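Structure assessment
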Amino acid sequence: MIDVYIDGASAGDPGPSGAGIFINYKDGSVGHYSIPLGHMSNHEAEYEALLHALKICKEKGFKQVSFRTDSQLIDQAVEKRYVKNKRYNQYLEEALVYIDEFDLFFLKWIPSKQNKDADQLARRAIQQAK
């Protein structure tokens, strides 16, 4: 099982944004991804972080993944497979296509203090874009 920590951040809402992805591989090594996203809202950045992480995992051929997020919005949307705000419907639909391709997929909400690595990577991505 691969552990994947994701976070999206914005400097302003909307504002310059970034995605942070921290991956713990089975062999004990780690992957760090800081992805500048352009100008968007914090919620959009959270969805973008999810999508980028899912794509990375699929490209690497992972079959079993366990994701962690400090975004309750993302956690609830994926768990219920539904979004109230239709603005995020496209993001969720794309994510579910990827999610359904994994043999095992878990997503768990964690407090922000347990997601510091992904948060730092997201903030670094904002700085890279400036």
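Residues numbered from 1 in each chain as written. Predicted model: local features only at pLDDT ≥ 70, side-chain atom pairs only at ≥ 80, totals over all residues. Heavy atoms only, no water.

1. Some points on a nonpolar patch on the surface
Applied cut-off: Patch membership is restricted to residues that have no salt bridge and whose relative accessible area is over 30%. Joining uses 9 Å for like charges and 5 Å for the nonpolar side chains Val, Leu, Ile, Met, Phe, Trp and Tyr. We get accessible surface area from the Shrake-Rupley algorithm with a probe of 1.4 Å; when it comes to residues, only the shown protein chains can shield them. For this document, the term salt bridge refers to a Lys or Arg side-chain nitrogen within 4 Å of an Asp or Glu carboxyl oxygen. Working definition: helices are DSSP H or I runs of at least four residues, strands are E runs of at least two. Numbering for both runs from the N terminus.
A surface patch of nonpolar side chains, amounting to about 250 Å² of accessible area, comprises M1, L104 and F106. Relative to the helices and strands, L104 resides in strand β5 (residues 104-109).

2. Some words on the packing of aromatic side chains
In plain terms, the rule: What counts as a ring pair is set by centres within 6.5 Å for rings of Phe, Tyr and Trp (its six-membered ring), and what kind of pair is set by the plane angle: stacked under 30 degrees, edge-to-face over 60, tilted for all other angles. Partly exposed describes any residue whose relative accessible area lies between the buried limit of under 20% and the exposed limit of over 50%, with all areas from a 1.4 Å probe on protein chains only and scaled to the type maximum. In this scheme, the term charge over a ring applies when either NZ of a lysine or CZ of an arginine sits within 6 Å of the ring centre and within 35 degrees of the ring normal.
The tally for this structure, following the rule as stated, stands at six aromatic pairs. Between Y25 and F62, the ring centres sit 5.9 Å apart and the planes meet at 55°, which makes this aromatic pair tilted. Here F62 lies in the loop between α1 (42-59) and β4 (64-69) and Y25 lies in the loop between β2 (15-24) and β3 (30-40), a separation of 37 residues in the sequence. Geometrically, the ring pair formed by Y47 and Y88 is stacked, given 5.5 Å between the ring centres and 20° between the ring planes. Within this pair, whereas Y47 is found in helix α1, its partner Y88 is found in the loop between α2 (72-80) and α3 (89-99), the two being separated by 41 residues in sequence. Judged by relative accessible area, Y88 falls into the buried class, the value being 6%. Between K58 and the ring centre of F102, over which it is positioned, the NZ or CZ distance is 4.7 Å.

3. Quick look at the environment of N85
Applied cut-off: Between N or O atoms, a polar contact is any pair within 3.5 Å; within protein, one atom must be a potential hydrogen donor and the other a potential acceptor, and residues adjacent in sequence are included only when both atoms are from side chains.
As for its placement among the helices and strands, N85 is situated in the loop between α2 and α3. Reaching out from N85, the side chain makes a polar contact with the backbone nitrogen of R87 at a distance of 2.9 Å.

4. Description of the nonpolar core
Note the threshold: By nonpolar core we mean a set of buried residues, namely Ala, Val, Leu, Ile, Met, Phe, Trp, Tyr and Cys, connected to one another through side-chain atoms within 4.5 Å. Whether two residues are in contact is decided by their heavy atoms, any of which lying within 4.5 Å being enough.
Counting residues in hydrophobic clusters, the biggest one holds 35 residues, and the most contacted among them are V4, F67 and F105. Looking at this core, the elements with two or more residues in it are β1 (2-10), β2, β3, α1, β4, α2, α3 and β5. Broken down by element, this core gets its largest block of residues, nine residues, from α1. Sequence-distant contacts of F105, defined by excluding residues within four places in its chain, comprise L54, V65, F67, V78 and I99.

It is worth stressing that arrangement in space is one thing and function is another; only the former is reported here.
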